[in-house]
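Listed here are the chains, written in short residue letters.
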Amino acid sequence: MPVKMILAIVSKDDSSAVSSTLTREGYWVTKLATTGGFLMAGNTTFLIGTDDDRVNDVIAIVEKQSRKRTQMVPGAAYGAAEYSPCPTEITVGGATIFVLDVERFEKV
Ligand code: 2BA
């Protein structure tokens, strides 16, 4: 019975590699097509229900298959109230991962 739910947000360019590796390693995976609120670009969010002792393995797979990318954006800073006119380089990815406790799991 899965006791953890892992949410992993990855670039859509990496989603095939993440998905195929996790599936090949025996994990149950759901892919959602999502959009980042900042860049408004498509990304992929994986839902992975698994046992506590496999969480680190899932994170290692997602990390290995997700690349960091740099991108220029019109200008912003964390927490800034206004946009700056100067383009700013940001690093996107590898992956953003949340690990949640599962209160109850049913397949009916
Ligand atoms: P986006 O929201 O489109 O963010 C893309 C990248 O833009 C982020 O990369 C980060 O480098 C930058 N960024 C985001 N918000 C910013 C801000 N307020 N000021 C300056 N730069 C900002 P990552 O951190 O690698 O995030 C990639 C994607 O993961 C995000 O796409 C979002 O869909 C998701 N994500 C990241 N952190 C999250 C969080 N705490 N909660 C929910 N989703 C998150």
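Report on the accompanying structure. (Residues numbered from 1 in each chain as written. Predicted model: local features only at pLDDT ≥ 70, side-chain atom pairs only at ≥ 80, totals over all residues. Heavy atoms only, no water.)

Okay, the site of the ligand next. Taken together, 14 residues lie near the ligand, and Phe 38, Leu 39, Asn 43, Thr 91 and Gly 93 sit nearest. Here an oxygen atom of the ligand sits 2.8 Å away from a polar atom, N or O, in the main chain of Leu 39. Between the ligand and the protein, one listed contact pairs an oxygen atom with a backbone N or O atom of Thr 91 at 2.7 Å. In the complex, the protein chains occlude 65% of the 750 Å² of accessible area that the ligand would expose alone. Mapped by element, the contributors of at least two residues to the shell around the ligand are strand E5 (88-92) and strand E6 (95-101). Per-element tally for the shell around the ligand: the top contributor is E5, with three residues. (Near = heavy atom within 4 Å. Polar contact = N/O pair within 3.5 Å; in protein donor to acceptor, adjacent residues only side chain to side chain. Areas by Shrake-Rupley, 256 points an atom, 1.4 Å probe, with all protein chains shown as cover. Helix = DSSP H or I, 4+ residues; strand = E, 2+ residues; numbered from the N terminus.)

Moving on, we get to the pattern of salt bridges. Under the defined criterion, the tally for this structure stands at four salt bridges. One salt bridge in this structure joins Lys 4 and Asp 101, with 2.3 Å as the shortest N-O distance. Placement of the pair is Lys 4 in strand E1 (residues 4-11) and Asp 101 in strand E6, with a sequence separation of 97 residues. The class of Lys 4 is buried, set by a relative accessible area of 15%. Measuring nitrogen to oxygen at the nearest pair gives 3.4 Å for the salt bridge that ties Asp 14 to Arg 67. Of the two residues, Asp 14 is situated in the loop between E1 and helix H1 (15-24) and Arg 67 in the loop between helix H2 (55-65) and strand E4 (69-73); the sequence distance between them amounts to 53 residues. (Salt bridge = Lys/Arg side-chain N within 4 Å of Asp/Glu carboxyl O. Buried < 20%, exposed > 50% of the residue type's maximum accessible area, 1.4 Å probe, protein only.)

This part is about H2. Because the α-helix completes a turn every 3.6 residues, residues three or four places apart line up on one side. Among all positions in H2, only Val 55, Val 58, Ile 61 and Val 62 are buried. One face of H2 carries all of its buried residues, which in axial projection span an arc of 125 degrees. Among the exposed residues of H2, those oriented more than 90 degrees off its buried face are Asn 56, Glu 63 and Lys 64. Where the residues of H2 are buried, they touch E1, H1, strand E3 (42-50) and E6. (Arc of directions from axis to C-beta. Contact = heavy atoms within 4.5 Å.)

What follows is about the packing of H1 against H2. With their axes 9 Å apart at the nearest point, H1 and H2 run at an angle of 145 degrees to one another. H1 and H2 meet at a crossing whose hand is right-handed. Each of Ala 17, Val 18, Thr 21 and Leu 22 in H1 lies in contact with H2, whose residues at this interface are Val 58, Ile 61, Val 62 and Gln 65. Of the residues in the contact of H1 with H2, the class split is six nonpolar, two polar and no charged. (Axes fitted to C-alpha atoms, helices over the stretch in contact; angles between N-to-C directions. Left-handed = near helix turned anticlockwise from the far one by under 90°. Nonpolar A, V, L, I, M, F, W, Y, C, P; charged D, E, K, R; others polar.)

Let us look at the environment of Gly 26. Tracing the chain through its elements places Gly 26 in the loop between H1 and strand E2 (29-35). Spatially, the C-alpha atom of Gly 26 lies 34 Å from that of Gln 71, the residues being 45 residues apart in sequence.

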